[in-house]
Amino acid sequence: MNRIDELKNDLDKHFKTNQYRFSHSFGDDVLEIPKEDVIPVLRHLKLNQKFDFLMDVCGADYPNREKRFEVIYHLFASRDGRRLRVKTQLAEGEHVETATKVWKGADWFEREAYDMFGIRFQGHPNLRKILTHHQFQGHPLRKDYEADRQQHCTDVLPIHFDNVGDERGDVLNENLVPLNIGPSHPAMHGTLRVMAELDGETIVRANCEIGYLHRCFEKMAETHPYNQVIPYTDRLNYCSAPMNNVGYCKTVERLLGIEIPPKAQAMRVIISELSRIIDHIISVGTGGVDLGALTAFFHLFTYREKVYTLFERLCGARLTVSMTRIGGMAQDAPDGWFDEVMAFCKEMRAAVDEIDRLFISNKIFIKRTQGVAPVSAAEAISWGYTGPLLRACGVNLDLRKTSPYYGYDGLNFDVPVGTSGDIYDRYLVRIEEMKQSIRIIEQVCKNVPGGDYTVRDKGIVLPEKKDVYGNIEGLMNHFMLVIKGLRPPVGEVYDATEAANGELGFYLVSDGSANPYRLKCRPPCFAIYQSFPSVVKGTMLADAIATVASMNVIAGELDR
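Definitions and limits used
- Residue indices follow the written sequence of each chain, beginning from 1 at its first position.
- The model is predicted, so local features are restricted to residues of pLDDT at least 70 and side-chain atom pairs to those at 80 or more, both for listing and for counting; the totals for chains, interfaces and linings are taken over all residues.
- To obtain the side-chain values, all non-hydrogen atoms of the structure were included, while hydrogens and water were left out.
- The criterion for strand pairing is that DSSP finds at least two bridges linking the strands in question.
- A run of H or I in DSSP counts as a helix once it spans at least four residues, and a run of E counts as a strand once it spans at least two, with each numbered from the N terminus.
- Under this scheme, a helix contributes an axis fitted over its contacting stretch, all axes are lines through C-alpha atoms, and angles between N-to-C directions fall in the 0 to 180 degree range.
- In this description, contact between two residues means that some pair of their heavy atoms is separated by no more than 4.5 Å.
- Under the scheme applied here, a residue whose accessible area is under 20% of the maximum for its type counts as buried, over 50% as exposed, and between as partly exposed, the area being computed with a 1.4 Å probe on protein chains only.
- An angle counts as roughly parallel when it lies under 35 degrees, as roughly antiparallel when it exceeds 145, as roughly perpendicular when it falls between 65 and 115, and as oblique in every other case.
- Note: crossing handedness is left-handed where the near helix turns anticlockwise from the far helix by less than a right angle, and right-handed where it turns clockwise.
- Note on residue classes: Ala, Val, Leu, Ile, Met, Phe, Trp, Tyr, Cys and Pro are nonpolar, Asp, Glu, Lys and Arg are charged, and everything else, Gly too, is polar.
- Between N or O atoms, a polar contact is any pair within 3.5 Å; within protein, one atom must be a potential hydrogen donor and the other a potential acceptor, and residues adjacent in sequence are included only when both atoms are from side chains.
- A helix is expected to span 1.5 Å multiplied by its residue count minus one.
- As used throughout, domain bounds are those supplied by an automatic or database domain assignment.
- By definition, the buried area sums, over both parts, the 1.4 Å-probe accessible area that each loses when the two are put together.
- A pairing counts as a salt bridge when a side-chain nitrogen of Lys or Arg comes within 4 Å of a carboxyl oxygen of Asp or Glu.

Asks: Explain the sheet that holds strand 1 (residues 21-25) residue by residue, including any values.
Replies: A sheet is described by the order of its strands in space; here five strands give the open sequence 1-2-5-4-3, paired in mixed fashion. Unpaired on one side and paired on the other, strand 1 and strand 3 (53-61) mark the two borders of the sheet. Taken over all neighbouring pairs, the strand axes of this sheet differ in orientation by 20° on average, direction set aside. As defined by bridge partners, strand 3 adjoins strand 4 (residues 69-77) across eight bridges and the pair is classed as antiparallel. The residue bridging V57 from the neighbouring strand is Y73, located in strand 4. Contacting strand 3 and strand 4, helix 3 (residues 106-117) crosses the sheet at an angle of about 5° to strand 3.

In C-alpha cells:
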C-alpha cells in the first residue's frame with residue numbers, strides 16, 4: 001500500500017471523504033478537499049500524520065473555472081521526509097478559515113495570498129496587504145491583471161502595530177517611545193522597515209513592514225519562457241545566486257521527468273556549497289559589523305571575492321551568474337577549474353579557524369549573543385523555520401540528508417545542531433556549516449564524473465554554437481526551440497533544495513505552454529522574518545539589530 005492509500009484509509013475513519021480527491025502526480029501526494037474541511041483536516045494531519053511543518057500557503061488563479069481560485073497548503077513531515085499538498089477551491093467572494101490556528105507561520109503566507117489574489121482567510125488576525133503598498137489597487141497575480149501595469153506610492157504609512165495581534169492596535173502609548181528603523185538604514189541589511197515601541201532601551205512591541213523590494217518575480221515568470229526565468233532567480237537571494245538557479249532548474253527538470261548527467265550534478269553541488277560558504281560569510285560578517293567587529297567583516301569578504309573569481313572563471317559573471325540551464329549547466333568547467341576550487345578550500349579551511357579565533361570566541365561577541373533572543377524548537381517549527389536557524393534550535397533537519405539529491409547521500413558530512421536557538425548558536429551553526437561545505441566540495445572535486453555537462457535532448461537544450469553555425473540540423477533545432485519554447489507536460493510539482501538560509505521551494509504549474517502558468521517561490525527567510533516581532537519582544541534595542549543579522553534576511557527573496 002502506498003502512502004496516498006494509507007492517508008485515504010486514515011482520513012476515511014475521521015471524515016466524510018466522498019468529496020475528497022486523492023492523487024499522486026509527478027512524485028507528489030495531493031489531497032483536494034472542500035473548503036469547510038480545510039482546518040479540521042490540517043489539524044488532523046499535523047497531530048495524527050505528523051506533518052509538523054506548514055512550508056507554504058499560496059494561491060493560484062483559474063478564471064475559466066466555476067471556482068476561480070485554488071488555495072494550496074504544502075505540508076512536510078520532518079520525521080520521515082514525507083510531503084503532502086492539500087488544495088481547496090474557492091469561488092470569487094468565498095473565503096476559507098485561517099490556518100494560523102494550527103501553525104503560526106500561516107500568518108504572512110495567507111496575507112501574501114490575500115494581497116496577490118484577493119483570497120480571504122476568515123479569522124486571520126490581520127488580513128491586509130503585505131508586499132504591495134497601501135495605495136495599490138487590485139491583485140497583481142490574478143490573470144486579468146496586466147503585467148506592465150505599475151502603480152507608484154506617493155507617501156508612507158506612519159508607525160503602526162496592527163499586525164502583531166495587540167489589543168491596542170495602532171494606538172501608541174504616550175509613555176513609550178516610538179522608533180522607526182529603516183528601510184534606509186545600514187542596520188536593517190536591506191530594504192526592511194522595523195517599527196518599535198520602547199520603554200527606555202527595552203522593546204515593548206515591534207512590527208515589520210516589507211515589500212520595498214517587491215518586483216513580482218512570480219508575475220514575470222508567467223510572461224517569460226522557462227529558460228528566461230533563470231536570470232530572475234539570481235535576484236532572489238543574490239548573496240548565493242547559484243542556489244536559486246539550481247532550485248528552479250531542478251523543479252522544471254522534475255516536471256519534465258529528466259535526470260541531469262552525473263557531471264552536471266557534481267558541478268551543481270560544488271557551486272551550491274561554494275554559495276553556502278559565501279552566504280554564511282555575509283551573515284557572520286555583517287552580523288559582526290552590527291556588534292562593532294569591522295575587521296572580521298573585511299577579512300571575511302576577501303574569501304567571498306575569491307569565490308566570485310571562481311564563478312567568473314566558470315561563467316563570466318560574478319554576483320548574478322545564471323550558470324545553470326534546464327537539463328544541466330550552461331557550459332563545461334574550464335581546464336584547471338576544479339584544481340582552483342580545491343586550492344580555495346585549503347585556504348578557506350584555515351580562514352574559518354581564524355574567524356573562530358578572531359570572532360566567535362571574542363568575549364564581547366559572546367556576551368552580546370549568548371542567551372539573546374532564543375527560540376525554542378517548538379516555536380521554530382510552528383513559525384516554519386528551516387536551515388541554520390532551525391538547526392540552531394536543536395532540530396536536526398537538512399534536506400541534503402532527509403531528502404538527498406545530486407548524490408548528497410553518498411557524501412560524508414555532518415549536520416551541525418545547536419541547543420538554545422539563540423544568536424550565538426546561529427553563528428556557531430553557520431561557522432560549522434562552512435567547514436562541512438568545504439568537506440563536501442573536496443570530496444566532489446576529487447571524483448568529478450566524466451561525460452557531458454547537460455542532456456542532449458533537442459526539445460530541451462539548445463545545440464552548441466558549432467552545430468548551429470556548422471550544419472542545417474543544428475540551425476533548425478536551435479530555431480524550433482527558440483520559437484516553440486520548452487514545453488513541459490501539463491501538471492504541477494513542488495520541489496525544494498537546502499539553500500543557505502533553509503528550504504528554498506518552487507511550486508510550478510504547467511498548462512503545456514512555453515511559459516509557466518504559475519510559479520510560486522517559497523523563500524526560507526519569509527517564514528523566519530515573520531517571527532521577528534515575537535522574538536525581539538522584551539529584548540534591548542541593540543539585541544534586535546543583532547537578531548536581524550543572525551536571521552540573515554535577504555530582501556530579494558523576502559519580497560521577491
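Asks: So, the pairing of strand 10 (residues 202-209): which residues are in play, and what are the values?
Replies: With six of eight residues buried, strand 10 is to be regarded as a mostly interior element. Across seven bridges, strand 9 (residues 193-199) lies against strand 10 in antiparallel orientation. The residue bridging D199 from the neighbouring strand is T202, located in strand 10. Following strand 9, the chain reverses through two residues before pairing antiparallel with strand 10; G200 in that reversal takes a positive phi of roughly 70°.

Asks: Summarise the packing of helix 8 (residues 294-315) against helix 9 (residues 337-360); cite the residues concerned and give the values.
Replies: Following both chains from N to C, one finds helix 8 and helix 9 inclined at 170°, their axes separated by 11 Å at the closest point. It follows that helix 8 is roughly antiparallel to helix 9 by the angle criterion. Helix-helix and strand crossings are classified by hand; for helix 8 and helix 9 the assignment is left-handed. Contact residues: A296, H299, L300, Y303, K306, V307, L310, R313 and L314 in helix 8; W337, E340, V341, F344, E347, M348, A351, E354, I355, L358 and F359 in helix 9. In terms of residue class, the contact of helix 8 with helix 9 is made up of 14 nonpolar, one polar and five charged.

Asks: Tell me what's going on with the environment of R304, and back it up with residues and numbers.
Replies: Counting through the fold element by element, R304 comes out in helix 8. Residue R304 is classed as buried on the basis of its relative accessible area, which comes to 3%. Other than its neighbours up to four places away in sequence, R304 contacts Y238, C239, I278, D279, I281, I282 and L319. One polar contact links R304 to Y308, side chain to side chain, over a distance of 2.5 Å.

Asks: Would you mind going over helix 9 in detail, with residue names and values included?
Replies: When the terminal C-alpha atoms of helix 9 are compared, their 32 Å separation across 24 residues agrees well with the 34 Å that a helix rising 1.5 Å per residue should span. Those residues of helix 9 that fall on the buried side of the exposure criterion are W337, F338, V341, F344, C345, M348, A351, V352, I355, F359 and I360. In this fold, the buried residues of helix 9 make contact with helix 7 (262-290), helix 8, helix 10 (363-369) and helix 14 (423-446).

Asks: Kindly report on the domain arrangement of the protein, identifying the contributing residues and their values.
Replies: The figure often quoted for interface size is the accessible area lost as the parts come together. Segmentation of the protein into domains returns domain 1 (3-122) and domain 2 (217-559). Placing a centre on the C-alpha atoms of domain 1 and another on those of domain 2 gives a separation of 28 Å. Each partner contributes to the interface: domain 1 provides 32 residues, whereas domain 2 provides 33 residues. For the domain 1 face of the interface with domain 2, the top three residues by lost area are F26, K104 and W108, together amounting to 26%. Put simply, domain 1 and domain 2 have five salt bridges between them. Across the salt bridge formed by R85 and E492, the nearest N and O atoms sit 2.9 Å from each other.

Asks: If you had to explain helix 16 (residues 472-484) to someone new, which residues and values would you point to?
Replies: For helix 16, spanning 13 residues, the distance from its first C-alpha to its last is 18 Å, which sits close to the expected 18 Å at 1.5 Å a residue. Capping the start of helix 16, N471 holds a side-chain oxygen 3.3 Å from the backbone nitrogen of E473, two or three residues further along. Just beyond helix 16, the residue with positive phi is G485, at close to 85°.

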